[in-house]
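Residue-level listing of the chains:
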Protein chains: 2
Amino acid sequence: MATYLEQLETPVPIVDLDRLAHNLDRMAAYATLHGLRLRPHVKTHKSPRIAAEQLRMGAVGLTCATLREAEVMADVCTDILVAYPPVGAARLERLARMPQHVNVSVAADDAQALDALSVAARLGHRTIDVLVEADLGMHRVGVATPDRAVAMARHIDRAPSLRFAGLQFYPGHIRAHVHEQDAGLAQLGRDLGMYIEALTDAGLPPTTVSGGSTPAAWRMHEVPGVNEVRPGTYVYNDRTTAQIGACHWEDCALTVLATVVSVSVKGQAVVDAGTKALGREPLRAEGDGYGALLDHPEVIVSRMSEEHGILDLSQTSWRPRLGDQVRIVPNHVCIVVHLFDEVIGVRGLAVETRWDVAARGRDSNRELDRAPNGPRAV
Amino acid sequence: MATYLEQLETPVPIVDLDRLAHNLDRMAAYATLHGLRLRPHVKTHKSPRIAAEQLRMGAVGLTCATLREAEVMADVCTDILVAYPPVGAARLERLARMPQHVNVSVAADDAQALDALSVAARLGHRTIDVLVEADLGMHRVGVATPDRAVAMARHIDRAPSLRFAGLQFYPGHIRAHVHEQDAGLAQLGRDLGMYIEALTDAGLPPTTVSGGSTPAAWRMHEVPGVNEVRPGTYVYNDRTTAQIGACHWEDCALTVLATVVSVSVKGQAVVDAGTKALGREPLRAEGDGYGALLDHPEVIVSRMSEEHGILDLSQTSWRPRLGDQVRIVPNHVCIVVHLFDEVIGVRGLAVETRWDVAARGRDSNRELDRAPNGPRAV
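Residues numbered from 1 in each chain as written. Chains lettered and ligands numbered in written order. Predicted model: local features only at pLDDT ≥ 70, side-chain atom pairs only at ≥ 80, totals over all residues. Heavy atoms only, no water.

(A) Quick look at the interface of chain A and chain B. Between chain A and chain B, the residue contacts involve 89 residues of the former and 89 residues of the latter. Both sides together, the interface formed by chain A and chain B hides about 7,600 Å², and carbon and sulfur atoms give 49% of it. The tally of links between chain A and chain B comes to 12 salt bridges. Put simply, Asp 341 of chain B and Arg 360 of chain A hold a salt bridge, and the shortest N to O gap is 2.4 Å. Tallied by class, residues from the side of chain A that touches chain B come to 35 nonpolar, 22 polar and 32 charged. (Contact = heavy atoms within 4.5 Å. Buried area = accessible area lost by both parts, 1.4 Å probe. Salt bridge = Lys/Arg side-chain N within 4 Å of Asp/Glu carboxyl O. Nonpolar A, V, L, I, M, F, W, Y, C, P; charged D, E, K, R; others polar.)

Okay, here's the thing in structure tokens:
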């Protein structure tokens, strides 16, 4: 018996399967067209099912941020980049214990971390590929100069059980509209060129030069030297992605289905999706609010509490009734997925499938011995 | 064998059990002192274990926002207020199906919702207590005038299987420092008085007048007529609560344990707690950032990505090293708890216990039949 949207309890994330298929196809085609290797970041969907489809459509491997993501994705993938500093005993141990059928690579920006990583790799009976993370303007992580990149690469090259694999950068600071990214991309290309040249001169040419991120993904082929991209958001897209021109509004595949629960206060309607369903991510583009309605983009979520979202009705003639369902396009979809355990796949108004956000948690602390007694004070 | 903080994988929420005990005790004592009934909101901890302790210390019942919370808390509680509009078929069905040993009450602001609620209560072979939600300045939900409250109360009083129980309001707009709340509280008292008078004149005096929220909790006894409070945050407290003077810094019981994963970019350190561990909640008081270090409050989390938090080192002489652990006091603790499946209880540096955030999910859609086949497009 078919289930329809109106039967679902809200708030719940809904994925339009046709839009998802289109988004997957579009990025795969872009990468193929430009000879870029596609290594999608799973942080957006955290689902092995979608990851398997990305791989089937030509992705060379996957990108993960957490070890939980990497462990879950090992079920469907043999080549995983943990694009995160390999720092901390637990993280190193989990890296070393990844299944042997998986080729594991990491990104590092500190020589101090490499010795422990080398030990972990050796104890895990494996070789770990290491990309040097370069800071090309994001100012988050990454070495600051080509000289430091060369020093890191030499250190990696000498370290037992590690292999220097190339360069990684994250162009997350390039958030302008896709048609206004020229200056940022040109600067990126010049900076990146110096890193590639320095490494090549040092006899350690980077095999992989990995960039990406959805906002700049469609123009990554214009940056000389880049041969791999790591976009994540493109599978679902979101309000920010649409607003900066990296997708159309009609490409937003994930919405949060919500119910109007109060119309008591004038000029607004309250839905049951608040911060615990939408996050409180700003729109990283022109515009306000924390999300907008798929079918009434002029209606934004202007305020939120934990379980309340306030729809601002001042810019619309639409008047919702108590109990109406709405679909909210969130500002930042990766945060929304992380807030739920399950996602529902729909075609039109019919529920077709559902899948777990299997890589959502953190998990390894759960394996520690549990204390035999409850807390004395609680 | 004891486990210590340094053995934990980060990011992970850590609760100082002594501080938790002190916080529970302090609010219970306040309520007892002033003859207020304490009905704590479980949204903050989402844990039946802490709820049971709140009840043991004198709470008259619990407040929930979601039906998942109510269902989980039914294991430890016989009197549950779902302080949320009873709108939507699934929500009504779950309300009706609550275990019979639980007295269920709800808050409503729309007469239209009452008929369906009455039917649900009758089908569930139960009587549901209904509080009329009044908007006393928050402008989120609630009826806007005493006249409407009277009309609602009459409607409830006439509806089969419903019982008019009183008034509820949420003073979430009173966010000033506790010593600067005088004007807000005075206005609240005047407005509330009109509602109580109108209902009393109509022959429907409110048995329960339920206010609360942690920021204004400590002064609720000054508002004439209020006989019940519903604070949630006080169990753990957070940076906002401390900043507005509703607790001391030393009362912040929950911190996010994080590891320094990069010190490559000058003037900052990067920890592995980003938006997916801390949320992106503003400090609702003087100050910037998304959290501050428990042991170095001058160090704030100034920027975040999903798995990266940037510590601003410009106001401190403290210099972290790669791999160091830090404890972050989040701006808004309720959001942090909702991001994790488990919380770890510590005494000093030793792990003493852990508990599930059992009421975190949403759940009921999981019970729908699963489609037999995978999605065609994925």
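(B) Quick look at the packing of helix 4 (residues 89–96) of chain B against helix 5 (residues 111–123) of chain B. All names here are of chain B. Packing of helix 4 against helix 5 brings their axes to within 8 Å, and their N-to-C directions diverge by 35 degrees. Two packed elements cross with a definite hand, and for helix 4 against helix 5 that hand is right-handed. On the side of helix 4, the interface is formed by Leu 92, Leu 95 and Ala 96, while helix 5 contributes Ala 116, Leu 117 and Ala 120. Tallied by class, the residues present in the contact of helix 4 with helix 5 amount to 6 nonpolar, no polar and no charged. (Axes fitted to C-alpha atoms, helices over the stretch in contact; angles between N-to-C directions. Helix = DSSP H or I, 4+ residues; strand = E, 2+ residues; numbered from the N terminus. Left-handed = near helix turned anticlockwise from the far one by under 90°.)

(C) Examining the relation of the copies chain A and chain B more closely. Superposing chain A onto chain B takes a rotation of 180 degrees plus a shift of 0.0 Å along the axis, which leaves an RMSD of 0.0 Å. A rotation of that kind, with that shift, is consistent with a two-fold axis. In terms of C-alpha distance to the rotation axis, chain A has Arg 280 of chain A as its closest residue, with the C-alpha 2.9 Å off the axis. Mapped onto chain B, 100% of the interface residues of chain A again fall at the interface, so both copies present the same surface. (Least-squares fit on C-alpha atoms with pLDDT ≥ 70 in both.)

(D) Main features of the sheet that holds strand 7 (residues 128–133) of chain B. Residue and element names in this part refer to chain B. On the basis of which strands lie adjacent, the open sheet formed by 8 strands has the order 3-10-9-8-7-6-5-4 and parallel pairing. If you trace the sheet from one side to the other, it starts and ends with strand 3 (37–38) and strand 4 (62–64), each paired once. Relative to strand 10 (residues 228–229), strand 3 runs parallel, the two being bridged by 2 bridges. Across the sheet, Leu 38 pairs through a bridge with Val 229, a residue of strand 10. Contacts between helix 6 (residues 146–158) and the sheet are confined to strand 6 (103–108), strand 7 and strand 8 (162–168), with strand 7 contributing the most and set at about 170 degrees to the helix. (Pairing = 2+ DSSP bridges.)

(E) Quick look at the pairing of strand 12 (residues 268–271) of chain A. Residue and element names in this part refer to chain A. Neither face of strand 12 is open: one carries Gln 268 and Val 270, the other Ala 269 and Val 271, and all of them are buried. As paired strands, strand 11 (residues 254–262) and strand 12 are joined by 2 bridges and run antiparallel to one another. Paired with Ser 262 across the two strands is Val 270, which belongs to strand 12. Count of turn residues in the strand 11/strand 12 antiparallel hairpin: 5 residues, of which Gly 267 carries a positive phi of about 80 degrees. (Buried < 20%, exposed > 50% of the residue type's maximum accessible area, 1.4 Å probe, protein only.)

(F) Broad picture of the environment of Val 102 of chain A. Residue and element names in this part refer to chain A. Considering the arrangement of structural elements, one finds Val 102 in the loop between helix 4 (89–96) and strand 6 (103–108). The exposure class of Val 102 is buried, given its relative accessible area of 3%. For the pair Val 102 and Leu 81, spaced 21 residues apart in sequence, the C-alpha to C-alpha distance is 10.0 Å. Apart from residues lying up to four places away in sequence, Val 102 is in contact with Ala 74, Cys 77, Thr 78, Asp 79, Ile 80 and Arg 126.

(G) Fine view of helix 5 of chain B. Residue and element names in this part refer to chain B. Compared with an ideal rise of 1.5 Å per residue, which puts 13 residues at 18 Å, helix 5 spans 19 Å between its outermost C-alpha atoms and is within 8% of the ideal. Of the surrounding elements, those touching the buried residues of helix 5 are helix 4, strand 6, strand 7, helix 6 and strand 8. The residue sitting at the N-terminus of helix 5 and contributing the capping side-chain oxygen is Asp 110; that oxygen lies 2.9 Å from the backbone nitrogen of Gln 112. Among the residues trailing helix 5, His 125 stands out with phi positive, at a value near 50 degrees. (Expected span 1.5 Å × (residues − 1). Polar contact = N/O pair within 3.5 Å; in protein donor to acceptor, adjacent residues only side chain to side chain.)

(H) Structural view of the side chain of Glu 307 of chain B. Looking at the element boundaries, Glu 307 of chain B is found in the loop between strand 14 (300–304) and strand 15 (309–312). Among residues more than four places away in sequence, those in contact with Glu 307 of chain B are Lys 46, Ala 65, Thr 66, Tyr 84 and Arg 362 of chain A together with Val 271, Asp 272, Ala 273, Gly 274 and Lys 276 of chain B.

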